[in-house]
Amino acid sequence: MKTTLSWLKEYVDIDMSAHELAHILTMTGLEVEGMEPVGRFLDDIIVGKIEEVRPHPRAERLSICTVDAGSQKVKVACGAPNVAPGVLAPLILPAGRLPNGTLIEEIRIRGELSTGMLLAEDEIGLTDDHSGIMMLDPGPAPGERLTAVLGFPDWVFDIAITPNRPDCASVIGIAREIAVATGRTLRIPDAHMDETGPPIQELTSVTILDPEACPRYAAGVIQEVTPGPSPFWMRYRLHHSEVRSINNLVDVTNYVMLEMGQPLHAFDYDRLRENRIVVRRAREGESFTTLDGQTRTMSRENLMICDGQRPVALAGIMGGLNSEIFANTRHVLIESACFDPVTIRRGSKRLGLSTEASYRFERGADIGGAGLALKRALSLMSRLSGGKVAKGLIDNYPRPWTPPHIRFRTEHANRILGASLSQTAVKGFLEALGMDVRQTDDHELMVLPPSFRVDISREVDLIEEVARCYGFDRIPLTYPTIRPSEQGDAAEVFFHEQVGSIMTGLGFSEVITYSFISSDAVDVLRADKESPIRSVVRLMNPLTIDQSVLRTSLIPGLMAAVKTNVAHDQKGLRLFEWGKTFFQKAGDQLPLETIWIAAVMAGRFQEKTWYQEERKCDYYDIKGAAEALLNGIGLNDMRFQKEEAHPGYDREVFAGIYCAERRIGRIGRIDSDVMAAYDLKDEDAYLFELDIASILTLLSRTTQFQPFPRFPAVLRDLSLIVDRQIESARILDIIRREGGDFLESVRIFDLYEGKKLGTSQKAIAFRICYRSAHETLEGEQVNRLHEAIIEKIHQETGGRLREG
Amino acid sequence: MKAQLLELETRALKEIDAIAEFSELEAFRIRYLGKKGQLTRFVKQIGRLAPEERPAMGKLANRIKKELSDRFEQAKAALDSPKAGGRASLMDLTLPGRAPVRGHLHPISRVIQEVCRIFSRMGFRVVKGPNVELDYYNFEALNIPRDHPARDMQDTFYITDNIVLRTHTSPMQVRVMESQKPPVSIIAPGKVYRRDSDVSHTPMFHQVEGLLVDKGVTFGDLKGTLASFVHQMFGNETPLRFRPSFFPFTEPSAEVDIRCVMCKGTGCRTCSHTGWLEILGSGMVDPEVYRFVDYDPDVYSGFAFGMGIERIAMLKYGIDDIQLFFKNDMRFLRQF
Ligand SMILES: [Zn+2]
């Protein structure tokens, strides 16, 4: 809500600076989100009095005005239609500057000298009016500074109104908070008027067919109005509250809405068939044209204001084209009603139509204030348009409001707040806020809030008000004794930290990518029709197609990150992400959320330095990282098993990762088609993904200390030639199995695949460490075991010892 | 034999002076001093000499052995420069070391870890919950009924009419209270989603929620706890203020502002010229929420708070563009 300082001052005395006021508002809960001065850079503008107007001899549309500028008389060329002798208007002389910075110079227009410029309101930033020069009220002398005449500078405050405070979506509401905070009295404006028209009952009637949706409908009639522009002061205030000025009839309804928070609507009385109002639900499919010219289809959710025959307004949202005020309107019927918030909200949501009125009704209008707002509007309208107000009002009020009676326990309030307020202080605060406070006994009050405080119905609502009035800043800081919660310390949280430090130690940088991906991202991964990664969770209302489904794979996000960085010429990438995938479940169940750690390597593994040559990364680099991570968190004996590739991976370079017979993840090269889809045709990328939940189940065991071996180890090397199809893991398995208790460890220390062995064979060398826990192994014993292992390998794989 | 020994010594010393590579040096050691080396062979022969010759020859052989060993060690030390070829005195100690590649933790993770550590030290425990949430937990049980304007405060991504992407971490309040009795002292970090994307908003971001419910917890406790957090996070001297606000699930509700870290309160663009920066929302748990989890509001009280991690990270590290967090550009990540 935007309003000016000068408008607020009409209802409450404010003698502090605009900045101090902004601070007070913010600290009472009305956050000032912005403030801007009005009437800055107006110092060069003075009051000019037009003395003579004659037409420009060579330009039809221009006049040459002789203007009294106080110290001198000047001739000014002007195109405005409203120039006339005697008019006072803002004037700027040569060498002066307009607020927008334009320097004014003496110029010749078609041969006639123009010394200065008469100004319109928009040229000085007061309103958006450019229909003519600004006409000042009589009084000021020519040559006086405009800022002095207008009482400037003024300020515009932009105040954030929380949804619970519709009463503050009004200038009076804000002024009331200022009055409470500064101990001043609130001045409610005068709504006095002369009712010179016929009795209203002879002119109209109001029928409410749905009293739940419309608990109150008040109406007044004003006759023989003269539509025309509103006065400057009203247009100025509307402009700075961001409401467009229409005419002196419509403006009054908007003005009173801003002033009091009560949305009003003005109907052209003559255009209401049978000159009466009926409030009813819309019929399903009924069509209606709102005053913005849009024809809309209604449903039972919409509440309609009708005349004797047809709908004339969308209740609480917008008026209709068929009953709108226009230039020839003679009589006006003003509506001041209260509608059920939920009805208005549903109707507004359904139509996608939100207005200043619906905003206020959705949050709750002041049902008790509808009458005063109506009177205020009639009074202003008769003053501005010269109309005659009908005698009396229609006030159809089928559901009269009764205030809630709220028990307030001072001790309870102090217990919640950690304060020690007296009952007298509390009573003072609540009364200042307009509540009816009745003392029950020394510990309790009975509080009846005013009708404009729709947010107050419970004791805790009052506690908040008391705290606000007392000042949050005055409540002392204390430190609670925090007793441990039964729940907490989710294993994944600490695991995330551990994984993060291992991965960064391995040179990987963490990325965070969006949980949503493009709906065709799974196609890019070449998932077949039955692939589980196709059971995506779809958003009903995505922002873009690229973010329309929840991810079933971290690959698209990681590849996008690789693409971004390759585009920025980053050569060697090591990225990891800790994130969730989402798989759809049947019916209205929440999707399955699975946490993964995924890491990708692309491009260069190491750069050229003084001690090493440049090298690209390959499968064994990513595998090494996966092993280091798993070892680091306490897992050993992983098995990498070649299997059918998961979507996104290269068919040939893909393995499942197993530990203790459990599948904990997958690893491999990214498919070249996928790379191409991310514009990475010339790159290779390697990836692993680990399922955190399954790893966590394996980590439940605590590490057990093993005593140091007491007997010496015996090392034996074993160099084999085997078929290239035979996986090293298979040979290692045989060695471990056959070595039994005497086998302490085995590692591959050499590998040869090359010309010397032909294309079908490879040489692998193992270093085996034999040791017994109970005795010193004899050479003979070891030899026998070693031979047996060689024999087994030969039997099972055809491998044989490499000579030499 | 003596002559042979002396000849060997001369030859060996000449050779070692010419050695410039580790590999040659090692070959030298094996050639002369190894198990089958030339000098070793002589030493083995000494045992076969006449007894009276043995002491002199043994002495000589030992002297030569010591001489060669010493010279070997010296040469080795000399070659011990980063790249073989220089003498020790010429070793360039300023050459860059053989550095392992260092990775970087995402700034969001860093801030979440820091926030969690601060609250863990106070005694809060960390919980996690689903990103995709029932309308019930995200809204209903937090006192945000359907058709309530408070729903407009958060633009929501819907999966179905009853399932949403959580718009805040607050559903964890209900999930935890629903499953246990007080004392409740938890924090819940995680991703949240709002249907909003522009210069200052991303459709996904991170929050940390906190909740303390026990007997006798006050608004003063809320102030103390959060002041302590702010001082640990932003420095002991950071002024802060509690300002009335509105959240449907807390009452009284307070926004916590800190003195602008950019301008120190004089007013700048970051703080919209107010001198203050909003960093977290908080309040006393609304009794309406207790009703959903079956706690007695006359027995228990508590406070809840929530903060946006991106915002804290931006203030802490001086990042001026929220979009950077999810671009995953190494030029950004490498700075943390
Ligand atoms: Zn600042």
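Scoring rules and cut-offs
- Residues numbered from 1 in each chain as written.
- Chains lettered and ligands numbered in written order.
- Predicted model: local features only at pLDDT ≥ 70, side-chain atom pairs only at ≥ 80, totals over all residues.
- Heavy atoms only, no water.
- Helix = DSSP H or I, 4+ residues; strand = E, 2+ residues; numbered from the N terminus.
- Rg over C-alpha atoms; globule rule 2.2 N^0.38 Å.
- Buried < 20%, exposed > 50% of the residue type's maximum accessible area, 1.4 Å probe, protein only.
- Contact = heavy atoms within 4.5 Å.
- Areas by Shrake-Rupley, 256 points an atom, 1.4 Å probe, with all protein chains shown as cover.
- Lys, Arg positive; Asp, Glu negative; His and termini not counted.
- Charge placed at Lys NZ, Arg CZ, Asp CG, Glu CD.
- Axes fitted to C-alpha atoms, helices over the stretch in contact; angles between N-to-C directions.
- Parallel < 35°, antiparallel > 145°, perpendicular 65-115°, else oblique.
- Left-handed = near helix turned anticlockwise from the far one by under 90°.
- Nonpolar A, V, L, I, M, F, W, Y, C, P; charged D, E, K, R; others polar.
- Donors = N, O, S within 2.8 Å, 3.2 Å for Na, K, Ca; no water.
- Tetrahedral: all angles 85-135°; square planar, octahedral: opposite > 155°, others 65-115°.
- Expected span 1.5 Å × (residues − 1).
- Arc of directions from axis to C-beta.

Of the regular secondary structure elements, chain A holds 20 helices and 39 strands. For 804 residues, the compact-globule estimate of 2.2 N^0.38 gives 28 Å, and chain A exceeds it by more than 25% at 41 Å. Split into buried and exposed, the 804 residues of chain A put 53% on the buried side. Long-range pairs, those at least 24 residues apart, make up 68% of the contacts in chain A between residues at least 6 apart in sequence. Carbon and sulfur atoms provide 48% of the accessible area of chain A, an area that totals close to 36,600 Å². Placing the 93 positive and 114 negative side-chain charges of chain A at their respective mean positions leaves the two points 2 Å apart.

What follows concerns the packing of helix α19 (residues 728-739) of chain A against helix α20 (residues 779-797) of chain A. Residue and element names in this part refer to chain A. It is at 9 Å that the axes of α19 and α20 come closest, and there the two elements cross at 140°. Between α19 and α20, the crossing angle belongs to the class labelled oblique. Crossing handedness for the pair α19 and α20: right-handed. Touching Arg-730, Ile-731, Ile-734, Ile-735, Arg-737, Glu-738 and Gly-739 of α19 are Leu-785, Ile-789, Lys-792, Ile-793, Glu-796 and Thr-797, all from α20. Class assignment for the residues of the contact of α19 with α20 results in six nonpolar, two polar and five charged.

Bound to the zinc ion are the protein donor atoms Cys-260 of chain B (SG), Cys-263 of chain B (SG), Cys-268 of chain B (SG) and Cys-271 of chain B (SG), situated 2.2 to 2.3 Å from the metal. Its four donor atoms give the zinc ion angles of 102 to 113° at the centre, a pattern that matches the tetrahedral case.

This part takes up α20 of chain A. All names here are of chain A. Between the first and last C-alpha of α20 there are 27 Å, a value that for 19 residues agrees with the 27 Å anticipated at 1.5 Å per step. Along α20, the residues that are buried comprise Val-782, Leu-785, His-786, Ile-789, Ile-790, Ile-793 and Thr-797. The buried residues of α20 all sit within an arc of 140° when viewed along its axis, so they share a single face. Of the residues in α20, the exposed ones pointing more than 90 degrees away from the buried face are Glu-780, Arg-784, Glu-787 and Gln-795. As for α20, its buried residues are in contact with β36 (714-723), α19, β38 (761-770) and β39 (800-801). Of the residues trailing α20, Gly-798 is marked for its positive phi of about 80°.

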